[in-house]
Amino acid sequence: MNDYLDDLESLLLGLDDEGMLLSELDGFVTGVIVSPEPIPPSDWLPRIWNGGEPPFETDGEAERFVALVMRHHDDTVASLGRPGEYVPLLDTDPRDGESLWELWIEGFALALKLAPKGWNRLRASEDAVAKAALDGIVTLVAVANRTMSLDETGLIAAHDDVGVFLANWVQLLHEWRLENDRRPSEGKIGRNDRCPCGSGKKYKKCCGLN
């Protein structure tokens, strides 16, 4: 794991019980990136700590947290730009090494809810491959929600295979987005936008100082 991810994980663990863990954050950020409909950081960043008031004691803490999250966002975009490099951050069970992918899926599911129009546009398209990728992820959401068992999906024989499926599906969704919804800025925060940390200040006078 990259050093900055160690720091980010420590900060996430310091949030209240409603905050995300690193694997869930990774799924959430990935879902934001591949969303066919742009989601501004001011909309998605507060979801990491379950909305409401930012759980930071100082502006410095907020700046550091936002900077680390945005670094992970940008690193994920970069890895998706190099086919074959993207790998979801999945926890493993220390007892048997089994992949604990449910947290990642829960994060991605939250991102799905933020931009339903874009995903409906994909579903209405004629791209059977991209639609199958989305269906695969939605199926795993159902498994994580316990409305379906893994064996019932007919997709995966063992938990160890989930990471490979997720990486392939995410790459396909990213490519569909690039082909159908080209964006100039990959969700970058404008200098004069309200800071996504929730301080009420402009980004350039808050977390954008550094």
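Residues numbered from 1 in each chain as written. Predicted model: local features only at pLDDT ≥ 70, side-chain atom pairs only at ≥ 80, totals over all residues. Heavy atoms only, no water.

## Side note on the overall build of the protein chain
Then step 1. The secondary structure content of the protein chain amounts to nine helices and two strands.
Then step 2. Written out in order from the N terminus, the α and β elements of the protein chain read α-α-α-α-β-β-α-α-α-α-α.
Then step 3. Intrachain contacts of the protein chain at a sequence separation of at least 6 include 65% that bridge at least 24 residues.
Then step 4. As displayed, the protein chain offers around 10900 Å² of accessible surface, 47% of which is attributable to carbon and sulfur atoms. (Helix = DSSP H or I, 4+ residues; strand = E, 2+ residues; numbered from the N terminus. Contact = heavy atoms within 4.5 Å. Areas by Shrake-Rupley, 256 points an atom, 1.4 Å probe, with all protein chains shown as cover.)

## Concerning the packing of aromatic side chains
Then step 1. In this structure the tally under the stated criterion is seven aromatic pairs.
Then step 2. Here F108 and W119 contribute two aromatic rings whose centre-to-centre distance is 6.3 Å and whose plane-to-plane angle is 50°, an arrangement assigned as tilted. With F108 in helix α5 (residues 102-114) and W119 in helix α6 (residues 116-123), the pair connects residues that are eleven residues apart, well separated along the chain. Taken individually, F108 and W119 each receive the classification buried, so the pair is uniform in this respect.
Then step 3. Through successive ring pairs, a cluster of aromatic residues spans W49, F56 and F65. (Phe/Tyr/Trp six-rings, centres within 6.5 Å; stacked < 30°, edge-to-face > 60°. Buried < 20%, exposed > 50% of the residue type's maximum accessible area, 1.4 Å probe, protein only.)

## Focus: the nonpolar core
What tends to happen in soluble globular proteins is that the nonpolar side chains get buried as a cluster.
Then step 1. The biggest cluster of nonpolar side chains holds 53 residues, and the ones touching the most others in it are L8, W44, I48, F65, I105, F108 and L173.
Then step 2. Elements that contribute at least two residues to this core include exactly α1 (3-13), α2 (22-34), α4 (59-80), α5, α6, α7 (128-144) and α9 (162-180). (Core = buried A, V, L, I, M, F, W, Y, C linked by side-chain atoms within 4.5 Å.)

## Things to note about the packing of α7 against α9
Then step 1. In the contact formed by α7 and α9, the axes pass within 9 Å of each other and the chain directions differ by 135°. Judged on the interaxial angle alone, α9 and α7 are oblique. Relative to α9, α7 is oriented so that their crossing is left-handed. Residues V129, A130, A133, L134, G136, I137 and L140 of α7 lie in contact with α9, whose contacting residues are V162, L166, W169, V170, L172, L173 and W176.
Then step 2. Class assignment of the residues belonging to the contact of α7 with α9 gives a composition of 13 nonpolar, one polar and no charged. (Axes fitted to C-alpha atoms, helices over the stretch in contact; angles between N-to-C directions. Parallel < 35°, antiparallel > 145°, perpendicular 65-115°, else oblique. Left-handed = near helix turned anticlockwise from the far one by under 90°. Nonpolar A, V, L, I, M, F, W, Y, C, P; charged D, E, K, R; others polar.)

## Comments concerning the pattern of salt bridges
Then step 1. Per the stated rule, a full pass over the model turns up two salt bridges.
Then step 2. We note a salt bridge from D75 to R71, for which the minimum N-O separation is 4.0 Å. Taken together, the residues span about one helical turn, with D75 and R71 both in helix α4 at a distance of four residues.
Then step 3. For D75, a relative accessible area of 34% puts it in the partly exposed group.
Then step 4. By relative accessible area, which is 45% here, R71 ends up partly exposed.
Then step 5. With its nearest N and O atoms 2.7 Å apart, the salt bridge here joins R82 to E85.
Then step 6. For R82, a relative accessible area of 41% corresponds to the partly exposed category. (Salt bridge = Lys/Arg side-chain N within 4 Å of Asp/Glu carboxyl O.)

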